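# Remarks on the overall topology
Here is how the chains run, residue by residue.
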Amino acid sequence: MSQLQLSQWDSWVDRALSQLASKRLLRSARPISLSPTPDLDVDVQTFDRPGPWDRSSVQVALDGPTFRQWLSDLPSASDADADADSNSDSDTNPQKLLLFSGNDYLGLSSHPAVSQAASKAAQAHGMGPRGSALISGYTNYHALLELSLARLKQKDHCILCPTGFAANMAFLTALASIPSLLSPTPSAPHPIAIFSDQLNHASIIDGIRLAERQSHAKLFVYRHSDMLHLHSLLSTCSITMKVVITDSLFSMDGDFAPLTQLVELRKKHGFLLAIDDAHATLVCGENGGGAGEYFGCEKDIDICIGTLSKAVGCHGGFIATSKRWKSLIQSRGRSFIFSTTIPVPVVAASLAAISVGRRERWRRRAIWRRVQDFYSLSGLPISSPIISIIVGTEEAALSASRHLLKSGFHVTAIRPPTVAPNSCRLRITLSAAHTVDDIKKLVATLSPWITTLNSNLLEFSKL
Ligand SMILES: Cc1ncc(COP(=O)(O)O)c(C=O)c1O
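Residues numbered from 1 in each chain as written. Predicted model: local features only at pLDDT ≥ 70, side-chain atom pairs only at ≥ 80, totals over all residues.

An unreviewed UniProt entry annotates the chain as serine C-palmitoyltransferase of Rhynchospora pubera. The record held by UniProt for the chain lists under Sequence similarities (unreviewed entry) the comment "Belongs to the class-II pyridoxal-phosphate-dependent aminotransferase family. BioF subfamily." Looking at the Subcellular location (unreviewed entry) heading of the UniProt record, one finds this comment for the chain: "Endoplasmic reticulum membrane". (UniProt positions renumbered as here; feature names shortened; annotations may be inferred.)

Spelled out as structure tokens, the structure:
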């Protein structure tokens, strides 16, 4: 039954595509040829250890007035603290900060190969033709990057979008176009059931909202990573077209979706499985293929959405998938169709970054070593380079963030509406460009919150 339903998804998409073809609405992108033609296996310079450029991806400076402004935006534990800050000489001296809040997980944004690729492309082509992909913005550079990402994700095809946010929107609006394309009459469309993890990223939530407006899509939100709940929702749902969509590595909590169990459920229920691999791409898996590679289930993921703005260190979004899904998204994904393509230097930089990211494996080993360092020093049960230290109220989170800022660390306080009230937190992200020493200093500065969190976890485990 499940295999039948899986191939049914292919036939639904094929039928939707032939409807589009019959209405002359099928679109394809034709690359403008920029010469010299770039090389897929771009001959990038690689290194076997960090270089001086690596630090610039985690070290920043703020001028004095901006630093003071930041401090005054964050509540202090005491008025004396605030007075001392306003009388300090920080208004003249630049303040150096160590970033523990970025998403440049491998430090590739400042890699010489990435800078060189961007500047070479800019010298040769400026920003490249400016237009949406279906008009005139798509070039042989874009086509190559799609090929490179398809290869990274072990998929047949890939489609670039302006951002990761736009990629989720493009997939979900294309998905939502299927019911009306398949229905013999507009009054009897086939509905689609979308099952979405409770903690999915905002771009998935907004994409589903659009899908609901656009078609007969019905949303089922399952409790975070709760496979029993998902199974029960799937079992009681009479809609045949089912889709499950989830972040693979959750951006606020740093935990992985249970992909192995999702794949089992997919076999049982025959749903289409879409993952948002934004935070796992290049970070997870031997080759950096992401969460699918890490869990050994790349082939069971139908749609792999990602961004070039995190570990790739550049900008843009993508959807790695099959040829038929690419055709559908190209023809119906509104945020793909009606938005300008990524500039050519950014495409060239991304190509170089993916090549470096695959080859400089020590970067992946380094970031996972930092995860291990943080775990050993703090005792907190973490599972990825995204670490969430829940501190409770908004005031508590802002006050902790202030303490860190004064100690030279940039760590973001995450508050509602991003997270639920009273689950405000410090969100820490690690990078391959951090050193063990950086982690030691950070953990020492965080020690009051780590101690409280550890004792809360202990209490919780006794219940
Ligand atoms: C899980 C997830 N998906 C999508 C996005 C959006 O990516 P982009 O910044 O490229 O629009 C983000 C970025 O914050 C994210 O964390």
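This is not the end of the story, as more comes after the structure.
### Some words on the overall build of the chain
Across its full length, the chain holds 19 helices and 13 strands. Here the chain has a C-alpha radius of gyration of 23 Å; the compact-globule value for 463 residues is 23 Å, and the two agree. Counting only C-alpha atoms and orienting by the principal axes, one finds that the chain spans roughly 70 × 60 × 35 Å. Within the chain, the proportion of its 463 residues that are buried is 48%. By sequence separation, contacts in the chain at least 24 residues apart represent 80% of the contacts at least 6 residues apart. (Helix = DSSP H or I, 4+ residues; strand = E, 2+ residues; numbered from the N terminus. Rg over C-alpha atoms; globule rule 2.2 N^0.38 Å. Buried ≥ 20, exposed ≤ 12 C-beta atoms within 10 Å, placed from the backbone. Contact = placed C-beta atoms within 7 Å.)

### What about the site of the ligand?
Of all residues adjacent to the ligand, which total 13 residues, the nearest are Thr163, Gly164, Phe165, Ala278 and Thr307. Looking at the shell around the ligand residue by residue, the classes come out as two nonpolar, nine polar and two charged. (Near = placed C-beta within 6 Å. Nonpolar A, V, L, I, M, F, W, Y, C, P; charged D, E, K, R; others polar.)

### Section: helix α18 (residues 436-445)
Those residues of α18 that fall on the buried side of the exposure criterion are Asp438, Ile439 and Leu442. All buried residues of α18 lie within an arc of 95° about the axis, which places them on one face of the element. Among the exposed residues of α18, those pointing more than 90 degrees away from its buried face are Asp437 and Ala444. (Arc of directions from axis to C-beta.)

### Observations regarding the UniProt feature "transmembrane region" (unreviewed entry) in the chain
Annotation from UniProt places "transmembrane region" (unreviewed entry) at residues 336-356. Structurally, residues 336-356 comprises 71% helix and 0% strand, and the distance from its first C-alpha atom to its last is 27 Å.

### Here's the deal with the nonpolar core
The biggest cluster of nonpolar side chains holds 132 residues, and the ones touching the most others in it are Ala170, Phe171, Val243, Phe318, Ile319, Ala348 and Ala352. Mapped onto the domain boundaries, this core takes at least three residues apiece from domain 1 (58-99 + 362-462) and domain 2 (111-359). Non-local contacts of Ile319, meaning those with residues more than four positions away in its chain, are made with Cys158, Ile159, Cys161, Ala167, Ala170, Phe171, Ile303, Ile305 and Ile329. (Core = buried A, V, L, I, M, F, W, Y, C linked by C-beta atoms within 7 Å. Domains from an automatic or database assignment.)

### A few points about the sheet that holds strand β7 (residues 272-276)
If you trace the seven strands from one edge of the open sheet to the other, you get β3-β9-β8-β7-β6-β4-β5, paired in mixed fashion. Unpaired on one side and paired on the other, β3 (157-161) and β5 (217-222) mark the two borders of the sheet. Neighbour to neighbour, the strand axes of the sheet diverge by 20° on average, direction disregarded. Bridge count for β7 against strand β8 (residues 303-307) is three bridges, and the pairing is parallel. (Pairing = 2+ DSSP bridges. Axes fitted to C-alpha atoms, helices over the stretch in contact; angles between N-to-C directions.)

### Considerations on the packing of helix α16 (residues 361-378) against α18
For the pair α16 and α18, the least separation of the axes is 10 Å and the interaxial angle reads 35°. In terms of crossing hand, the pair formed by α16 and α18 is right-handed. Note on element contacts: α18 touches α16 through Val436, Ile439, Lys440 and Val443, opposite Arg370, Asp373, Phe374, Leu377 and Ser378. A class-by-class count of the residues in the contact of α16 with α18 yields five nonpolar, one polar and three charged. (Left-handed = near helix turned anticlockwise from the far one by under 90°.)

### Brief notes about the domain arrangement of the chain
Put simply, an interface is often sized by how much accessible area is lost when its parts join up. Each assigned domain of the chain is listed with its residue range as follows: domain 1 (58-99 + 362-462) and domain 2 (111-359). Taking only C-alpha atoms into account, the centre of domain 1 sits 31 Å from that of domain 2. Taken residue by residue, the interface counts 14 residues in domain 1 and 11 residues in domain 2. Elements supplying a minimum of two residues to the side of domain 1 that touches domain 2: α16 and β10 (386-392). Across the side of domain 1 that touches domain 2, the residue classes tally to seven nonpolar, four polar and three charged.

### Focus on helix α15 (residues 344-359)
Taking 1.5 Å per residue, 16 residues should reach 22 Å; α15 reaches 23 Å between its end C-alpha atoms and fits that length. Extensive coverage of α15 is indicated by the burial of 14 of its 16 residues. (Expected span 1.5 Å × (residues − 1).)

### Details of unusual backbone geometry
In this structure, Pro36 follows Ser35 across a cis peptide bond, with omega equal to 5°. With respect to the element layout, Pro36 can be found in the loop between α1 (2-22) and β1 (59-62). Looking along the chain, the bond that leaves Pro416 and enters Pro417 is cis, with omega of 10°. Here Pro417 is to be found in the loop between β12 (412-414) and β13 (424-429).

### Focus: the environment of Lys323
Residue position: Lys323 is located in helix α13 (residues 323-332). Note: C-alpha distance between Lys323 and Ser350 (27 residues apart in sequence) is 22 Å. Look past the residues within four positions of Lys323 in its chain and what remains in contact with it is Asp156 and His157.

### As for the environment of Ser355
Counting through the fold element by element, Ser355 comes out in helix α15. Look at Ser355 and you get buried, because 22 C-beta atoms sit within 10 Å. Between the C-alpha atoms of Ser355 and Asp206, which are 149 residues apart in sequence, the distance is 32 Å.

### What to know about the packing of helix α7 (residues 164-176) against helix α9 (residues 202-214)
Relative to each other, α7 and α9 sit at 25°, their axes nearing to 8 Å. Our classification of the angle between α7 and α9 gives roughly parallel. Relative to α9, the crossing made by α7 is right-handed. Counting all contacts with α7, which are made through Gly164, Phe165, Asn168, Met169, Phe171, Leu172, Thr173, Leu175 and Ala176, the residues of α9 involved are Ser203, Ile204, Asp206, Gly207, Ile208, Leu210, Ala211 and Gln214. For the contact of α7 with α9, the residue count by class is 10 nonpolar, six polar and one charged. (Parallel < 35°, antiparallel > 145°, perpendicular 65-115°, else oblique.)

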